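Below, each chain spelled out in residue letters.
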Amino acid sequence: MMENRLILLLHLATEFINMTMVYTTVFGASLVKKKWKIVLTVGVVVCGHLLLLEILGLRDAKGMSFFTMLAVPLFMLSGRKRTLLGLYPFAVIMASVVSVSVSFLVANMLGVTEA
């Protein structure tokens, strides 16, 4: 079970980093000034996913990562919420390629196989 938690946390970390990078670099969005809001958003998403892991299992918990992708433009970025949500499909496509590549690389480095 510890291995599944590690896999899920690495998956969420790459999702947060990728979505934040896409929105800030490609779309020119800026992060909110209040650090507690970022920490709270990350904490709630991680706790929610860990709860889903316990209830539903790893596959379903990773499948619910769209909550992570929605949390970034809604709670962690400042300004133009409608515009950022409109760009959401493009951000997901751009971040997906990087996310899958990094997750695969880290899993191979740790010797973790897909369940």
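Computed from a prediction, not measured in an experiment: that's the story for all the values here.

Under the criterion given, the structure shown has one salt bridge. Close ionic contact of E54 with R5 constitutes a salt bridge, the shortest N to O distance being 2.9 Å. In this pair, E54 is assigned in helix α2 (residues 35-56) and R5 in helix α1 (residues 2-26), connecting sequence segments 49 residues apart.

So, on to the confidence of the model for the chain. Per-residue pLDDT for the chain averages 79, and the proportion of residues at 70 or more is 93%. Averaged over each element, pLDDT in the chain is lowest for helix α3 (residues 58-63) (68) and highest for α2 (83).

Tracing the chain through its elements places L8 in helix α1. Looking at L8, the relative accessible area reads 0%, which means it is buried. In sequence terms L8 and L70 are 62 residues apart; their C-alpha atoms lie 17 Å from each other.

Residues L6, L10 and L110 make up a contiguous nonpolar surface patch of roughly 240 Å² in combined accessible area. For L110, the location among the structural elements is in helix α6 (residues 88-110).

Another point: the nonpolar core. The biggest cluster of nonpolar side chains holds 19 residues, and the ones touching the most others in it are M19, Y23, V72, L77 and A91. At the level of secondary structure, the elements contributing two or more residues to this core comprise α1, α2, α4 (66-76) and α6. Setting aside its immediate chain neighbours within four residues, V72 contacts F16, M19, T20, Y23 and L77.

Okay, α1 next. Under the 1.5 Å per step criterion, the end-to-end length of α1 is 35 Å for 25 residues, consistent within 8% with the ideal 36 Å. Where α1 is concerned, the buried positions are I7, L8, H11, L12, T14, E15, F16, N18, M19, T20, V22 and Y23. Immediately downstream of α1, the backbone of G28 shows phi near 70 degrees, a positive value.

Parameters and conventions
- The numbers attached to residues start from 1 for each chain and follow its sequence in the written order.
- The model is predicted, so local features are restricted to residues of pLDDT at least 70 and side-chain atom pairs to those at 80 or more, both for listing and for counting; the totals for chains, interfaces and linings are taken over all residues.
- Note: side-chain values were computed over all heavy atoms of the structure, leaving out hydrogens and water.
- Salt bridge, as used here: a side-chain nitrogen of Lys or Arg that lies within 4 Å of a carboxyl oxygen of Asp or Glu.
- Numbering of helices and strands runs from the N terminus, with a helix taken as a DSSP run of H or I at least four residues long and a strand as a DSSP run of E at least two residues long.
- For every residue, the predictor reports its confidence as pLDDT, a number between 0 and 100.
- Buried means the residue's accessible area, taken with a 1.4 Å probe over protein chains only, is under 20% of the maximum for its type, while exposed means over 50%, and partly exposed covers the values in between.
- Only residues whose relative accessible area exceeds 30% and that take part in no salt bridge are eligible for patches, with like-charged residues grouped when within 9 Å of each other and nonpolar side chains (Val, Leu, Ile, Met, Phe, Trp, Tyr) grouped when within 5 Å.
- Shrake-Rupley sampling with a 1.4 Å probe provides the accessible areas, and residues are treated as covered by the protein chains on show and by no other component.
- Residues enter a nonpolar core if they are buried and are Ala, Val, Leu, Ile, Met, Phe, Trp, Tyr or Cys, with the set joined through side-chain atoms within 4.5 Å.
- Two residues qualify as a contact provided that any one of their heavy atoms is within 4.5 Å of a heavy atom in the partner residue.
- Here, expected helix span is obtained from the residue count minus one, scaled by 1.5 Å.

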